[in-house]
Amino acid sequence: MFMLLTLDSDYATAPVSAASEGVQASDHVFDILITYGSVIKLMHEKTKFRLHSHDVPYGSGSGQQSVTGFPNVDDSNSYWIVRAIPDSSEKQGDTIKSGTVIRLQHMRTRKWLHSHLHASPISGNLEVSCFGSDGESDTGDHWRLEIEGSGKTWRQDQRVRLHHVDTGGYLHSHDKKYTRIAGGQQEVCGVREKRADNVWLAAEGVYLPVAESK
């Protein structure tokens, strides 16, 4: 509710049902394109947890802000803003094709979804953290969008993978859960192999309309 009250009314909103059911445009109004500037939640396909962060550092590895999978739908710390990489010609409202390198900015803390060679806390895979600020970002924040199936442009109903450019790790989660500071939340990490646990869908969000061509 906080997000909906503070973002522009030109955004289109959609519930998770459209993403989780894979509904096509002919069957449902929610055949929505993800565009730059949209604010979305990413749902882990296998466990249905949302990609999440909060102002709590890892107690090991980099010590940067932790990233987890969160079980509840209605948490504002699970919103991410879809951004282009620096010096890109892409603008707000542009659609995003498979193979494009993007960034995801955590809405609440303004840090970037990030990865590097530190070991993740539970499984020892590649750590995924949040790092930087509005004015501080590096190539560790770059993720290549890979759309599963025949679609070429990112839509809400599509299964996607995010492939980290620097490390080669896919954004990954599994049912390995934290027991202390993030009790009930599950580990998010990077894994270099394509697996079923690498797949995500755009779920709840506030989607910017597609920019008009000039």
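Just so you know, these numbers come straight off a predicted model, no measurement behind them.

Attention shifts here to the overall build of the protein. The helix and strand inventory of the protein stands at two helices and 13 strands. Looking at the protein as a whole, 50% of its 214 residues are labelled buried. For the protein, the share of sequence-separated contacts (at least 6 apart) that also reach a separation of at least 24 residues comes to 67%. In the structure as shown, the protein presents an accessible area of about 9700 Å², 48% of it carried by carbon and sulfur atoms.

Along the chain, G61 turns up in the loop between β3 (50-57) and β4 (65-70). Owing to a relative accessible area of 46%, G61 belongs among the partly exposed residues under this scheme. In this structure, the C-alpha to C-alpha distance between G61 and E127, residues 66 residues apart in sequence, is 7.5 Å. Residues contacting G61, with those up to four places away along its chain left out, are H118 and E127.

Quick look at the pairing of strand β6 (residues 101-106) now. By the criterion of burial, β6 is predominantly enclosed, with six of the six residues buried. Judged from the five bridges that link them, strand β5 (residues 80-84) and β6 form a sheet pairing that is antiparallel. Considered in β6, the bridge of R83 is made with R103. Both β6 and strand β9 (residues 143-147) contribute to a ladder of two bridges, which runs antiparallel. When the bridges of β9 are listed, I102 appears paired with W143.

Here the protein averages 86 in pLDDT, while 84% of its residues score no lower than 70. Confidence drops under a pLDDT of 50 for residues 1-29, and excluding neighbours within four residues, the segment shows 54 contacts in the predicted structure.

Further remarks concern the side chain of E204. Summarising the element assignment, E204 is placed in strand β13 (residues 200-207). Take E204: its relative accessible area is 9%, and that puts it in the buried class. One polar contact links E204 to R50, side chain to side chain, over a distance of 2.7 Å.

We now examine the side chain of N77. Position of N77 among the secondary structure elements: in the loop between β4 and β5. Accessibility expressed as a relative area gives 16% for N77, which makes it buried. Leave out the neighbours within four places in its chain, and N77 touches H52, S53, H54, H106 and R108.

The next point concerns unusual backbone geometry. Negative phi characterises most residues that are not glycine, and trans characterises most peptide bonds. Located in the positive-phi region is K48, a residue other than glycine, with phi close to 70°. Within the secondary structure, K48 sits in the loop between β2 (39-44) and β3. Backbone geometry at D87 places phi at a positive 65°, although glycine is not the residue there. Structurally, D87 can be placed in the loop between β5 and β6.

Now for the environment of S78. If you trace the backbone, S78 turns up in the loop between β4 and β5. Residues S78 and H106, spaced 28 residues apart in sequence, show a C-alpha to C-alpha distance of 7.7 Å. If sequence neighbours within four positions are ignored, S78 has contacts with I40, K41, R50, L51, H52 and F70. Here the side chain of S78 touches H52 through a polar contact of 2.9 Å, side chain to side chain.

Counting 29 residues, the largest nonpolar core has L51, V82, L113, W154 and L171 as the members making the most contacts within it. Setting aside its immediate chain neighbours within four residues, L113 contacts L51, V67, W80, L104, V128, S129, C130, G140, D141, W143 and L171. Listed in part, the five residues of the second largest apolar core include V39, Y79, I81 and V206.

For the rest of this paragraph, the subject is the pattern of salt bridges. Evaluated as defined, the whole model comprises nine salt bridges. Note that D134 is salt-bridged to R110, the shortest N-O span being 3.4 Å. On the criterion of sequence distance, the pair formed by D134 in the loop between β8 (126-131) and β9 and R110 in the loop between β6 and β7 (112-119) is long-range, its members being 24 residues apart. Among the residues examined, D134 registers a relative accessible area of 52% and is labelled exposed. Its relative accessible area of 28% is what places R110 among the partly exposed residues. The partner of K194 in a salt bridge is E146, and the shortest N-O contact between them spans 3.8 Å. Of the two residues, K194 sits in the loop between β12 (186-191) and β13 while E146 sits in strand β9, which places them 48 residues apart along the sequence.

Thresholds applied
Residues numbered from 1 in each chain as written. Predicted model: local features only at pLDDT ≥ 70, side-chain atom pairs only at ≥ 80, totals over all residues. Heavy atoms only, no water. Helix = DSSP H or I, 4+ residues; strand = E, 2+ residues; numbered from the N terminus. Buried < 20%, exposed > 50% of the residue type's maximum accessible area, 1.4 Å probe, protein only. Contact = heavy atoms within 4.5 Å. Areas by Shrake-Rupley, 256 points an atom, 1.4 Å probe, with all protein chains shown as cover. Pairing = 2+ DSSP bridges. pLDDT = per-residue confidence, 0-100. Polar contact = N/O pair within 3.5 Å; in protein donor to acceptor, adjacent residues only side chain to side chain. Core = buried A, V, L, I, M, F, W, Y, C linked by side-chain atoms within 4.5 Å. Salt bridge = Lys/Arg side-chain N within 4 Å of Asp/Glu carboxyl O.

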